[in-house]
Amino acid sequence: EGGAPFGSALLQFSQWKKVAPLGIGAMGLFGKNEVRAEAQLESRAVSSSSAAAGSTQAATRGSDKSAGRTRQNHADTASQSGSKVSHSVGPDLQPQKNVKYRSDPQTYVFEDGPMEGRMDIRRWFVERAMYFLFVSAFTYVVFLQRDGDMLISFAAMWQSVLSVHTASVKSPDHIGGFLETSVRDDLFASSYIERDNFTFPGVSADIYGSALIGSLTVRQLRVKPETCSVLVERLQGRGALPPGMECFPNYSPAVEDIDYTKELARKPADRDTHPFMQFKTQAETGSMGQWGKYNWYPGSGFVMKLNAANHVEKLALLRQTRWLDTKTRAVIVDFVVYSPNADLSVVIHVIFEILPGGVVDSVIHVEAIALDRYPLASQHDFVLAALEVFVYMMVVGYAWEEVKGTARQGFGKRYGRLGWTWLDVTNILVFAFSAFQKFLNLTAYWKLLAAGPEEAEETPQRIMDLGLAMQLADQVNGFNGFLLWIKLYKYVVVSRRIQRIVVTVGRTLHQIAAFFLIFSIIAYAFAIFGHLLLAGDLDEFSSINASTMMMLRSLLGDPSVFPMVVEFAGDIGFLYLLCWLVVSRTLLINIVIAVFQDAYSAVLAEEKRSPTQTTLERVLIEFRRRYDEGKLVSISAMGQEPTVEPELDKNNKLMYDPQKAARKRLGWLMEDNWKPYDVDEGGEETDPNAVVAVDPAAGVGAGSPVTKR
């Protein structure tokens, strides 16, 4: 209605700002343009006052300039650390338009500007939202690029088909029968579906709707003879064994034979005319080594290649020349098939291990792979590609933030102790390695597509190598996904309950590590004992590793272990398992429970002794403060007297005291004997949050401080 009354209202509003600092515009909950509403209000007040009362206008503006721009340095720093903060007084605290103020990346507290000491909840919220999107996009891309259900089903089909044939192989002579039934009758049999050369060059057969790519490779590894034991010599002397017998050991690289000879070093007459009797190194075969059940077998050996044109002749020669004999220790069958309908390739390795005692054991490795990870044939493919680009853009952003953080804090301070920064760096390095792998795999795939008919023989091995590289890339992505989801704790540990669990686990790591050292020693002792005690009765205890797996199964409650051991080993097996379960479950596991219980009790006691604010409490308090401040700004902007509501008419430190909030929430606060942490023993409040009563007529700065309770 007039300059003087409105100027007086503005003056009262400026005085109130000492109690609730104005760092926020109306309802500006995320910290953008925090004081813009305040600046607009002051300019409107000045314009209205100049039209009605010039002299009062000058006094009012002067009072507002001195009292309104005098701010405390925000009580949130005290609420977070429990210590008092200094208050800045000066005319330059008004933030400029579109100016960004820095906040600490660890605590999210503003380091400068009018919000100094307050929490940057906008940054806190955005960082979590972006990380959730980042993890979700990575998981979505990794799972859908592989088409896991189709891969598993396709691999399982080939596993079951080959298992039918390998189950009947009980001696070295049966390996030839496997090649005849599986290769001749299945892979090279005429199909009821006529197909052209619909895939890579070198297709020579069709089975179950899949094309055989190139040739099928049969490779054997042989050993040299060694000196027989003393018992053999004694038995030969007594006529129990024929004289001149040779002994051939189990396979190892040290005893591998590279010269194809028969027993007693006899050379076959036609050895030089058959390529499958010529030794080839791993570099010449291009094959990768394979793990069997008992040994690791390199890619070298004597190689026979079968295709639709020569498989009948080669299989006949295999039996005629006795290509497999007592010196053979492993026969490895490698081939690749491709399904054009599913656009999937399957790399198959069938390993027959011939033990010195004549027993044959078989292992089947089947790996289904999708060679084309970026078909870009549908809208969904483009979405996956875009999400992967988004993932790596986020990785670049996180890497840049890490570089800036290291430059600001220094390498020693940032990485001086184990923490989230080490996990962040590990995650970034794994992503860099994964990107390098993707580049190499894409290059190899493009070269495979560009191969001509003259390179048909090399195509299966190229697919095997590419499949192995893609399998390694998937394993790296799996490890990376594990790190990403573990890192999620960094962003979700905001509530008291989650924080307790994380702190408890962190405090027990050293004790749990010591426990596992003791547990591993006891478990290894039981594994050796079980192997020596039960290996003759059960295949499950045939080695120390197998014995260890059986003990872990019994520890985790596998119901089939106990009856099986008792059935085949009798009372000895019963006593063995009983002793193991008593020691492992009754004693050792209860120690782990006691360690966690003791640590959890210590965490609860520490909370009661010195409660602190959680991240969630800090965020909620900051939201409440900004909401309260925004309401009062809105009231004054409408030209009304800025009255303080009853629940807001209290000291800032009383309202946002972290100890009071924590004790009250935990049920440890007694209202009758509680006092604010900034009141001295004499009962006088030492908080400088006092409203200065200013008389406009007396000039700027007049008046005495009045404590507002």
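Our subject is the structure that appears above.
Just so it is clear, the structure is predicted and the values come from calculations on it, not from any experiment.

Draft legend 1. Region of interest: the layout of surface pockets. Roughly 470 Å³ of volume is contained in the second largest pocket. Residue lining of the second largest pocket: 22 residues in total, with Pro172, Arg322, Leu324, Asp325 and Thr326 positioned closest to the centre. Only α7 (172–187), α10 (311–320) and β7 (328–339) provide two or more residues apiece to the lining of the second largest pocket. Here the element with the most residues in the lining of the second largest pocket is α7; it accounts for 3 residues. Within the lining of the second largest pocket, the residues separate by chemical class into 10 nonpolar, 5 polar and 7 charged.

Draft legend 2. Representation of the packing of α7 against α10 within the structure. At a closest axis distance of 11 Å, the pairing of α7 and α10 adopts a crossing angle of 170°. One finds that α7 runs roughly antiparallel with respect to α10. Facing α7, whose interface residues are Asp173, Gly176, Gly177, Leu179, Glu180 and Arg184, α10 presents His311, Leu315, Leu318 and Arg319. A class-by-class count of the residues in the contact of α7 with α10 yields 3 nonpolar, 3 polar and 4 charged.

Draft legend 3. View of the packing of helix α11 (residues 379–409) against helix α13 (residues 420–449). Between α11 and α13, the shortest axis-to-axis distance is 10 Å and the interhelical angle comes to 135°. Here α11 is positioned oblique relative to α13, judged by the angle of their axes. In this structure, α11 meets α13 at a crossing whose hand is left-handed. Seen from α11, the contacting residues are Glu388, Val391, Tyr392, Val395, Tyr398, Ala399 and Glu402; seen from α13, they are Thr421, Asp424, Val425, Ile428, Phe431, Ser434, Ala435 and Lys438. Looking at the contact of α11 with α13, its residues break down into 9 nonpolar, 2 polar and 4 charged.

Draft legend 4. Broad picture of the state of the cysteines. Summed over all chains, the structure comprises 1 disulfide. Between Cys228 and Cys247 runs a disulfide, and the two sulfur atoms are separated by 2.0 Å. Its torsion about the S-S bond being 110°, the disulfide of Cys228 and Cys247 is classed as right-handed. You can see Cys228 sitting in the loop between β2 (210–222) and α8 (230–237) and its partner Cys247 sitting in the loop between α8 and β3 (279–280), a full 19 residues away along the chain. Classification of Cys228 as buried rests on a relative accessible area of 16%. A relative accessible area of 18% places Cys247 in the buried class.

Calculation rules
Each chain has its residues counted from 1, running along the sequence as written. Totals for whole chains, interfaces and linings use all residues, but because this is a predicted model, local features are given only for residues with pLDDT of at least 70 and pairs of side-chain atoms are given and counted only at 80 or more. Values shown for side chains rest on all heavy atoms present in the structure; no hydrogens or waters enter the calculation. Grid spacing is 1 Å over the protein atoms alone, the probe is 1.4 Å, and a cavity is where that probe fits but cannot get out, while a pocket is an open set with protein on both sides within 12 Å along at least five of seven lines and lining residues have an atom within 4 Å of a point. Grid points are joined across faces, edges and corners, and a volume is the space filled by probe spheres set on the points. Only DSSP runs of H or I with at least four residues qualify as helices, and only runs of E with at least two residues qualify as strands; both kinds are numbered from the N terminus onward. Only Asp, Glu, Lys and Arg are considered charged, only Ala, Val, Leu, Ile, Met, Phe, Trp, Tyr, Cys and Pro nonpolar, and every remaining residue, Gly among them, polar. Between N-to-C directions, angles span 0 to 180 degrees; the directions come from axes that are lines fitted to C-alpha atoms, helices contributing only their stretch in contact. The scheme is simple: roughly parallel for angles under 35 degrees, roughly antiparallel for over 145, roughly perpendicular for 65 to 115, oblique for anything else. Contacts are assigned to residue pairs with any non-hydrogen atoms lying within 4.5 Å of each other. Here a crossing is called left-handed whenever its near helix is offset anticlockwise from the far helix by less than a right angle, and right-handed whenever the offset is clockwise. Criterion for a disulfide: a pair of cysteine sulfur atoms within 2.5 Å. Between buried and exposed lies partly exposed: a residue is buried under 20% and exposed over 50% of the maximum accessible area for its type, with that area taken using a 1.4 Å probe on protein chains only.

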